[in-house]
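Each chain, written out:
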Amino acid sequence: MWCSERWSKLNRFSRLFALLAMAVLAGCGKPEFSDAERKTIASLALSALPPLKDDTTNRFADVPAAAALGATLFFDAGLSGDGKVSCSTCHKIDRQFQDDLPRAVGVGRTNRRTMPLAGVAHDSWFFWDGRRDSLWAQALAPLENPLEQAGNRAAYAHYIKARFGERYERIFGPLPDLSNVPANASPLGGDAEKAAWSTMTDAQAEDVNRVFANIGKAIAAFERSIAPQQTRFDRFAAALDTGIQALPGDDALSSEEILGLKLFIGKANCVTCHSGPRFTDGGFHNTGVPPVKGLPPDRGRIDAVRQVEADPFNCFGAFRDGDASACGELRFMVKAGPELVRAYKTPSLRGAATRAPYMHAGQFSSLEEVVAHYSKAPASVEGVSEIHPLQLSDRDHAALVAFLKTLAE
Amino acid sequence: MASLWRYVLAGVGLAALLAGILAAVHLTAPQAPRLAGSEIARSKETANGLFVASFEPERGVVRQGELQSWLLTLKTNAGTPVEGAAITISGGMPQHRHGLPTSPHATDYLGQGRYRIGGVKFTMSGLWQLHFAISAAAGSDTVVFNVVL
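Here's what I pulled together on the structure shown here. The shown structure was predicted, so the numbers you read here are calculated from the model rather than taken from an experiment.

Quick look at the state of the cysteines now. All names here are of chain A. Applying the stated criterion across every chain yields a total of one disulfide over all chains. Disulfide partner of C315: C327, at an S-S distance of 2.1 Å. On the S-S bond that ties C315 to C327, the torsion sits near -75°, and the link is left-handed. Of this pair, C315 sits in the loop between α12 (301-310) and α13 (328-331) while C327 is found in the loop between α12 and α13, placing the two residues 12 residues apart along the sequence. Neither C315 nor C327 differs from the other in exposure class; each is buried. For C270, which is in no disulfide, the shortest distance to another cysteine sulfur is to C273 and amounts to 9.1 Å.

What tends to happen in soluble globular proteins is that the nonpolar side chains get buried as a cluster. Residues and elements named next belong to chain A. Core analysis: the largest hydrophobic core is formed by 49 residues, its most contacted members being L73, I215 and F313. Looking at this core, the elements that each hand over two or more residues are α4 (64-74), α6 (135-144), α7 (153-172), α8 (191-199) and α9 (202-223). In terms of residue count, α9 provides more of this core than any other element does, 11 residues in total. If sequence neighbours within four positions are ignored, I215 has contacts with L73, L79, L143, Y156 and I160. Membership of the second largest hydrophobic core comes to 35 residues, among which are A237, L349, M359 and L392.

Moving on: the side chain of E223 of chain A. Mapping E223 of chain A onto the fold places it in helix α9. Ignoring sequence-local partners within four residues, the contact set of E223 of chain A consists of F74, L117 and L135 of chain A.

Remark on secondary structure: sheet strands pair via backbone hydrogen bonds, oriented parallel or antiparallel. All names here are of chain B. Taken together, the five strands give an open sheet; going across it, the order is β1-β2-β3-β7-β6, and neighbouring strands pair in antiparallel fashion. Each having just a single partner strand, β1 (43-45) and β6 (105-111) make up the two edges of the open sheet. For this sheet, the mean inter-axis angle between neighbouring strands, taken without regard to orientation, is 25°. Where strand β3 (residues 68-75) and strand β7 (residues 114-120) come together, five bridges link them in antiparallel fashion. What sits directly across from T73, in β7, is R114.

A few words on the packing of α4 of chain A against α7 of chain A. Residue and element names in this part refer to chain A. Their axes nearest at 9 Å, the elements α4 and α7 cross at an angle of 160°. Compared by their axis directions, α4 and α7 come out roughly antiparallel. Between α4 and α7 lies a crossing whose hand is left-handed. Contact with α4, carried on its side by A65, A66, A68, L69, T72 and L73, involves I160, F164, R167, Y168, I171 and F172 of α7 and no other residues of that element.

Let us look at the pattern of salt bridges. Taken as a whole, this structure holds 25 salt bridges over all chains when the rule is applied. For K121 of chain B, the salt bridge identified is with E329 of chain A, shortest N-O distance 2.6 Å. Residue K121 of chain B is found in the loop between β7 and β8 (127-136), and its partner E329 of chain A is found in helix α13; the two belong to separate chains. Classification of E329 of chain A by relative accessible area gives buried; the value is 16%.

Rules used throughout
Residues numbered from 1 in each chain as written. Chains lettered and ligands numbered in written order. Predicted model: local features only at pLDDT ≥ 70, side-chain atom pairs only at ≥ 80, totals over all residues. Heavy atoms only, no water. Disulfide = S-S within 2.5 Å. Helix = DSSP H or I, 4+ residues; strand = E, 2+ residues; numbered from the N terminus. Buried < 20%, exposed > 50% of the residue type's maximum accessible area, 1.4 Å probe, protein only. Core = buried A, V, L, I, M, F, W, Y, C linked by side-chain atoms within 4.5 Å. Contact = heavy atoms within 4.5 Å. Pairing = 2+ DSSP bridges. Axes fitted to C-alpha atoms, helices over the stretch in contact; angles between N-to-C directions. Parallel < 35°, antiparallel > 145°, perpendicular 65-115°, else oblique. Left-handed = near helix turned anticlockwise from the far one by under 90°. Salt bridge = Lys/Arg side-chain N within 4 Å of Asp/Glu carboxyl O.

Worth remembering: the numbers are spatial, not functional.
So this is what it looks like as structure tokens:
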């Protein structure tokens, strides 16, 4: 054949040169990213997610039997005041552990949107405003919130003993004697529950609180297994990293998606807050998202500081396992400052494209609205927005949305 | 044998050519803001020259997204350790106009003018600034350390 004949006639030097030239040309055909961009893209890939850290404040965090009991409790509507609401009523397993509603509905209507749970165990603060400092302390809040599960801790302790006594004791040790504990009692409940709580001895209160905390620890052990999924973006990032070109249609990103990615990590500054493999810095920011008309004032992080400090189940409290060296986040928490006003936790953007609506009270119903908000950067009703207006064309808007979709397929 | 040398030579030549191209691309590409060596120094004089301060991670390495302890060492110009200093810390990312995600503070005095600063956390890559206000017997002064991640 002509080609192979010619090829063999070329001297070895030319052959080598030709091969190298081909390699260089092939390289030029790839999407071009600067070294800094490549570094940022690699930092966003799921492969950059570190293994889950031990939670020394919950010594059952990685005990399989605790996680199994936690899973049962997560889906058990018996764990509510009216017997109808479980964690999974709002955190739906087939919907990324959220409910597609602007504001969650349990026993009553809440004022915040249900948060998806993938990778939540990597966080230091929980809820939109971070008013809890551990996954296990977080789980106790909806159980007693009158708008969510609307139960009380004495009733939960009795319920655990009656229903899951054996399973509980195999994990946590003997259940306390609850025979003289009122059927319904809590320091946070209605007047009757508060009154009943005040009749209990300190030892009884401690017993009930211990069972209550262990419910949280079992549920937290289960939640640690809810992990973010590989997406098209991750396959693209892996291919970019190894230099092996992706197959078109699978791992490859379209030119529009690549433009969106470049804007996300460049001109649009999204990566300032949506950083790392979960696309969140875990911090709190005021982004000027408007409040929902008719809802009570919501001041975000600034009001959560006191709440987490006052929580008896926080890291400094009596129900923490391990020593206080695990409490650094609480100890070095920013407690004051104008930047905390209407600051909310940066949400992960993995899977966001397929779970509208958005923001802490479901203010926006589409990604287009979200991007339009960032582009305009309106002032905050209270406090100061960290977002600054962007000069984005219609094409840029569409590209950012297109890129966000690669994080959900 | 001779052909092997030709390969080696060709290889070296091509590598040089590629390096040249890469260098040209690299030099013309826009760069992240760079700071001169003195600006990211881990040791410097305080603003009014009252102290010499140095600031470094206690375990030697900076880890993004983790709470870490750093050591602030304070000496006078004559090299005497500064004891009993009151230190307050603020800072943030000037390019993104946001503050620190934690509120670090001096947790222990370790002797020899060394203060342990607990709760230092850098949540993203880029330029961070930490401002120290220092009061000691010799007077009050300030110093800013830049940390680039």
